[in-house]
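Notes for the structure review
Take a look at the letters that make up each chain.
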Amino acid sequence: MSPWAVLVVALGGTLWVGCTEAEVIEVDAGLPAHDLGTIDDDVTEPEDAGLAEDALIDAQDDVPGDEGEEPDRPPPRDVGPPRMLTCGPKARVEDPSGDTVVIGNEAGGRFTLVLDVAIANVGVIARQPVDLTLNGDFVRSVRVVHFVGEGAAASTLYAPRGVALERGGTPAAPFADVTGHSTMSCASDCQPGRLPSDRGCNSPAQVTTYFERRFGEGRRMLHLQTSTLDGLYVFAGRGGCCLP
């Protein structure tokens, strides 16, 4: 039993639900996923942390093992205790049969996407780098993870072998929008009284259109938040929302 026995769910300093009893299990996602035929060896290993939900599995057997000498790596960055994304009454599942999940923010961060339903495509847009670990009973269903935004080049994916990793950089936005930036940079529209363009980020419509053009229709869930994703567990089947 891990020393973490109680999970406090907090986002951006706002408490969304009460404490949840949870056992923490170790997750070992191995090396970063292949990126256009190469492996980035200058990244930090994922932090050993997990959440004992029925949907979670240990991904250790699903990813490439370390081969040869282990490269020098910096110690894992402390992201604090794990937190479960809980949107409460704001939670929205857009298409219950959809096979795409889109997650965006400005601050980036290290988080886990739990595949508690079958999802084929994952899109992430962020200004700061993202470390994304895939886990869950349906982790083998994922075919493509696409990073876009200013943090795309430095982002890292920890996933089973066979998952394609794409980096979209900062291409032109799919259409001009006075409320959003002209290039795909980040997602940040959750501050009351402010526009995404005020922060140099994209509007939700620009974000959704970009990923629809990449993956087609059938978006199951969209989640946007300005604050860091550090320590967050996002369950693909539970819906997303827009948070500070």
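Attention here is on the structure that accompanies the text.

Basis of the calculations
Residues numbered from 1 in each chain as written. Predicted model: local features only at pLDDT ≥ 70, side-chain atom pairs only at ≥ 80, totals over all residues. Heavy atoms only, no water. Helix = DSSP H or I, 4+ residues; strand = E, 2+ residues; numbered from the N terminus. Buried < 20%, exposed > 50% of the residue type's maximum accessible area, 1.4 Å probe, protein only. Disulfide = S-S within 2.5 Å. Salt bridge = Lys/Arg side-chain N within 4 Å of Asp/Glu carboxyl O. Pairing = 2+ DSSP bridges. Contact = heavy atoms within 4.5 Å. Axes fitted to C-alpha atoms, helices over the stretch in contact; angles between N-to-C directions.

1. A short note on the overall build of the protein chain
- Summing up its helical and strand segments, the protein chain has one helix and 15 strands in all.
- Each of the 244 residues in the protein chain was classed as buried or not, and the buried ones make up 54%.

2. Side note on the state of the cysteines
- Per the counting criterion, the structure on display carries three disulfides.
- The disulfide that involves Cys186 links it to Cys201, with 1.8 Å between the sulfurs. Its S-S torsion of approximately -90° makes the covalent link between Cys186 and Cys201 left-handed. Taken together, the residues span a long stretch of sequence, with Cys186 in the loop between strand S12 (164–167) and helix H1 (204–215) and Cys201 in the loop between S12 and H1 at a distance of 15 residues.
- The class for Cys186 is buried, based on a relative accessible area of 0%.
- The class for Cys201 is buried, based on a relative accessible area of 0%.
- The connectivity of the disulfide bonds within the protein chain can be written as 1-5, 2-4, 3-6, using the sequence rank of each bonded cysteine.

3. Section: the pattern of salt bridges
- Applying the stated rule across the entire model yields seven salt bridges.
- Its salt-bridge partner being Glu94, residue Arg219 comes within 2.7 Å of it at the nearest N-O pair. In this pair, Arg219 is assigned in strand S13 (residues 219–225) and Glu94 in the loop between strand S5 (83–84) and strand S6 (100–105), connecting sequence segments 125 residues apart.
- Accessibility expressed as a relative area gives 25% for Glu94, which makes it partly exposed.
- With a shortest N-O distance of 3.2 Å, Glu212 and Arg219 are connected by a salt bridge.
- On the basis of relative accessibility, which here comes to 34%, the residue Glu212 falls in the partly exposed class.

4. So, the sheet that holds strand S8 (residues 121–126)
- The strand order S12-S10-S8-S6-S13-S15 describes an open sheet built from six strands, whose pairing is parallel. Across the chains shown, the open sheet's two edge strands, defined by having one partner strand only, are S12 and strand S15 (242–243).
- In the sheet, S8 pairs with strand S10 (residues 144–148) via five bridges, with the strands oriented parallel. Note that in S10 the partner of Gly123 across the bridge is His146.
- Strand contacts of H1: S6, S8, S10, S12 and S13, with the helix running at about 140° to S10, the strand carrying the most contacts.

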